[in-house]
Amino acid sequence: MSSVVALVASYLLGAIPTSYLVAKHVAGIDLRQHGSNNLGATNLYRVLGWRYAIPVGIFDLLKGAVPVWIFGPMAGGGAWLPVLCGAMAVVGHVFSVFARFKGGKGVATGAGVVLAMAPWAFAVALVVWVVTVRLSGYVSLGSVLAAVVFPVAAYVLHPARRSTLWLNVALAALVIIMHRANIVRLLNGTESRFGRSASSTTAPPT
């Protein structure tokens, strides 16, 4: 497998619109027109519940892990290629060619990339996410803080992968950028808490 094929395969795997397909098959709806209009497991949970959101979240995580575990090593290219394959999977998830270049916010797929290439950093980021969501109720805040912490944790806990720091930062930046609207709502106090409505009844969904 060449590097180009590995990168394209990573994008296409990441671009599989899992939540869209499940919502369409199970309920006959276009998830882009319900909840937050986002093609991610969190929005699927809002619309159809945990029964469907959990397996979709796991699959989305694997979309990020498989390119790092399999596609990158098959193509060679040194330590940077598996990470770049993972990044391409996240790009595919966020900008899916199968869903008119719409998708999720890259959290679950990005988590899969992190798990595959830096498991200790993944554990740190996961703890930050869980504690933040538990204390604040904001999934978006937990996701942003986990993204901020990850490159630092990866640099400290995985010295052999320090050459990929810039890719880790780019991956974290993409997740943060995809949450820019959530950040504005957090600053304005109108962000919705997980499982509860925002304080303002006119606030947009997350």
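Residues numbered from 1 in each chain as written. Predicted model: local features only at pLDDT ≥ 70, side-chain atom pairs only at ≥ 80, totals over all residues. Heavy atoms only, no water.

Some remarks on the environment of Arg161
Phase 1: As for its placement among the helices and strands, Arg161 is situated in the loop between α8 (139–157) and α9 (165–178).
Phase 2: Here Arg161 falls in the partly exposed class, since its relative accessible area comes to 25%.
Phase 3: Once the C-alpha coordinates of Arg161 and Trp80 are considered, the two residues, 81 residues apart in sequence, prove to be 8.7 Å apart.
Phase 4: Dropping the residues within four chain positions of it, Arg161 is found in contact with Ala79, Val83 and Met117. (Helix = DSSP H or I, 4+ residues; strand = E, 2+ residues; numbered from the N terminus. Buried < 20%, exposed > 50% of the residue type's maximum accessible area, 1.4 Å probe, protein only. Contact = heavy atoms within 4.5 Å.)

Points about the packing of helix α6 (residues 107–117) against helix α7 (residues 119–136)
Phase 1: Put simply, α6 and α7 touch, their axes get as near as 5 Å, and they point 135° apart. On the basis of their axis angle, the class for α6 and α7 is oblique. Across the interface between the two elements, Ala111, Val114, Leu115 and Met117 from α6 touch Pro119, Ala121 and Phe122 from α7. (Axes fitted to C-alpha atoms, helices over the stretch in contact; angles between N-to-C directions. Parallel < 35°, antiparallel > 145°, perpendicular 65-115°, else oblique.)

Here's the deal with the side chain of Ser19
Phase 1: With respect to the helices and strands, the residue Ser19 is situated in helix α2 (residues 18–27).
Phase 2: Here the side chain of Ser19 touches Leu39 through a polar contact of 3.2 Å, landing on its backbone oxygen.
Phase 3: Excluding its chain neighbours within four sequence positions, the residues that come into contact with Ser19 are Leu31, Leu39, Gly40, Leu44 and Val56. (Polar contact = N/O pair within 3.5 Å; in protein donor to acceptor, adjacent residues only side chain to side chain.)

A look at the packing of helix α5 (residues 80–94) against α6
Phase 1: Running from N to C, α5 and α6 point in directions that differ by 170°, and their axes come no closer than 9 Å. Taken together, α5 and α6 sit at an angle that is classed as roughly antiparallel. Considering the relative orientation of α5 and α6, their crossing is right-handed. Each of Val83, Gly86, Ala89, Val90 and His93 in α5 lies in contact with α6, whose residues at this interface are Thr109, Gly110, Val113 and Met117.
Phase 2: Along the lines of polarity and charge, the residues of the contact of α5 with α6 split into five nonpolar, four polar and no charged. (Left-handed = near helix turned anticlockwise from the far one by under 90°. Nonpolar A, V, L, I, M, F, W, Y, C, P; charged D, E, K, R; others polar.)

Topic: the nonpolar core
Generally speaking, a soluble globular protein has its nonpolar side chains buried in company with each other.
Phase 1: Counting residues in each nonpolar core, the largest one holds 21 residues, and the members touching the most others are Val90, Val113, Met117, Ala118, Ala121 and Phe150.
Phase 2: Within the residue set of this core, elements represented by two or more residues are α4 (50–75), α5, α6, α7, α8 and α9.
Phase 3: Setting aside residues up to four positions removed in sequence, Val113 forms contacts with Gly64, Ala65, Val68, Gly86, Val90 and Leu171.
Phase 4: The next biggest cluster of nonpolar side chains, apart from the first, holds eight residues, and it includes Tyr20, Ile29, Leu44 and Val56. (Core = buried A, V, L, I, M, F, W, Y, C linked by side-chain atoms within 4.5 Å.)

Quick word on helix α1 (residues 3–14)
Phase 1: Here α1 spans 16 Å end to end across 12 residues, near enough to the 16 Å set by a 1.5 Å rise per residue.
Phase 2: For α1, the set of buried residues is Ala6, Leu7, Ser10, Tyr11, Leu13 and Gly14. For α1, the arc enclosing every buried residue in end-on projection is 165°, short of the 170-degree limit, so these residues lie on one face.
Phase 3: For α1, the secondary structure elements touched by its buried residues are α4 and α5. (Expected span 1.5 Å × (residues − 1). Arc of directions from axis to C-beta.)

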